Amino acid sequence: MLDISGLTVRFGGIRALDGVGFTVRAHHMVGLIGPNGAGKTTLFNCLTRRYQADEGTVGFEGVDLLSVAPHSIAALGIARTFQNLGLFAEMSVRDNVLVGAHKRAGATFLSAGLRLPSVRREESKLRAEADALLRRLDLADVAEYPATGLPFGTLKRIELARALAVKPRLLLLDEPCNGLSHGEVDEFAALLRDLREEYDLTVIVVEHHMGFVMGTCDRVVCLEFGRKIADGTPDEVQNDPAVRDAYLGLSA
């Protein structure tokens, strides 16, 4: 599904990504790990066209992803969550989720302004889909609440619901377990496994929680200082000396 080759991103004299390459098979879950500053979120930002790559190629189901306009990424079937929450604080939880369905709406400026029957039918359909997602993620009780002020774990699930509203084939999760308790991490892992089957998702997850990554992902890719240092099964990667050095240091 995804083929990344020689991906390089420079910020001045710093190489945030330095020739990174790996592939992702459809329906697999790939963990992207590495110390802080390794380039994990930078890679996500390249895939979603928030950053411009200096070198390399990214193919998504045969499409040259680096030539796609940023606003067209969602329409290709790619959705993401953010390390630092990207919700609209004053909007209701339901409206935040409906934002994810925006690219699937066909109403024009004129038809929406005239409130044509087709527009009302479309809005009703998308609202029903959003409500179904809210129920699935145990968010129905807060659907009318503004996003601001809700518990952090709830906000994480709202972001996930918004990403699922895109109806993605490739889902990018940026530190979904950050700030969650141990019990919440276990619950999220079980939820993600179920959602992967229900929605036929391919997932790349950036995460520091090693128990979650090693217990949930089919493959793991490790970055350090913008370079890929390991790529394999969870067992292979966690026993790789280069990965141990990156996390623990040579003396350890």
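Note that this is a predicted model, so its numbers are computed, not measured.

### Side note on the overall build of the protein
Stage number 1. Scanning the protein from N- to C-terminus turns up 10 helices and 10 strands.
Stage number 2. Here the C-alpha radius of gyration of the protein, 19 Å, is about what a compact globule of 252 residues would show, namely 18 Å.
Stage number 3. Overall, the C-alpha framework of the protein stretches about 65 × 40 × 30 Å when taken along its three principal axes.
Stage number 4. Pairs at least 24 residues apart make up 67% of the contacts formed inside the protein by residues separated by at least 6 positions.
Stage number 5. Accessible area of the protein: about 12,100 Å², with a carbon and sulfur share of 52%.
Stage number 6. Distance from the positive charge centre (28 side chains) to the negative charge centre (33 side chains) of the protein: 6 Å.

### Some points on the domain arrangement of the protein
Stage number 1. Splitting the protein by domain gives domain 1 (1–77 + 168–251) and domain 2 (89–163).
Stage number 2. A C-alpha centroid distance of 27 Å is found between domain 1 and domain 2.
Stage number 3. Each partner contributes residues to the interface: domain 1 has 18 residues there, and domain 2 has nine residues.
Stage number 4. Interface area for domain 1 against domain 2, summed over the two sides, is near 1,000 Å², with a carbon-plus-sulfur share of 67%.
Stage number 5. Counting the contacts that link domain 1 with domain 2 gives one salt bridge.

### Details of the nonpolar core
Stage number 1. Residues Leu137, Leu160, Leu164, Leu171, Leu173, Phe188 and Phe212 are the most contacted members of the largest nonpolar core, which totals 45 residues.
Stage number 2. The element contributing the most residues to this core is helix α6 (residues 152–165), with seven residues.
Stage number 3. Counting contributing residues per domain, this core is built from domain 1 (1–77 + 168–251) and domain 2 (89–163), each supplying no fewer than three.
Stage number 4. In terms of nonpolar packing, the next biggest core, distinct from the first, is built from 29 residues, Leu2, Phe22, Leu47 and Val68 among them.

Conventions we followed
Counting from 1, residues in each chain are numbered in the order their sequence is written. In keeping with the model being predicted, local features are shown solely for residues with a pLDDT of at least 70 and side-chain atom pairs are shown and tallied solely at 80 or more, while totals for entire chains, interfaces and linings include all residues. To get the side-chain values, take all heavy atoms of the structure and skip hydrogens and water. Helix numbers and strand numbers start at the N terminus; a helix is a DSSP run of H or I with at least 4 residues, a strand a run of E with at least 2. Throughout, radius of gyration means the C-alpha value; the globule benchmark is 2.2 Å times the number of residues raised to the power 0.38. Contacts are assigned to residue pairs that have any heavy atoms within 4.5 Å of one another. Residue burial considers only the protein chains on display, and all accessible areas are found by Shrake-Rupley using a 1.4 Å probe. In this tally Asp and Glu are treated as negative and Lys and Arg as positive; neither His nor the chain ends contributes. A charged residue contributes its charge at one atom only: NZ of Lys, CZ of Arg, CG of Asp or CD of Glu. Note that domain bounds follow an automatic or database assignment of domains. Buried area is understood as the total, over both parts, of accessible area removed when two parts are fitted together, assessed with a 1.4 Å probe. Salt bridges are defined as contacts in which a side-chain nitrogen from Lys or Arg sits within 4 Å of a carboxyl oxygen from Asp or Glu. What is meant by a nonpolar core is a set of buried Ala, Val, Leu, Ile, Met, Phe, Trp, Tyr and Cys residues, joined one to another through side-chain atoms within 4.5 Å. Note on exposure labels: buried denotes an accessible area under 20% of the residue type's maximum, exposed denotes more than 50%, and partly exposed covers the range between, all computed with a 1.4 Å probe on protein chains only.

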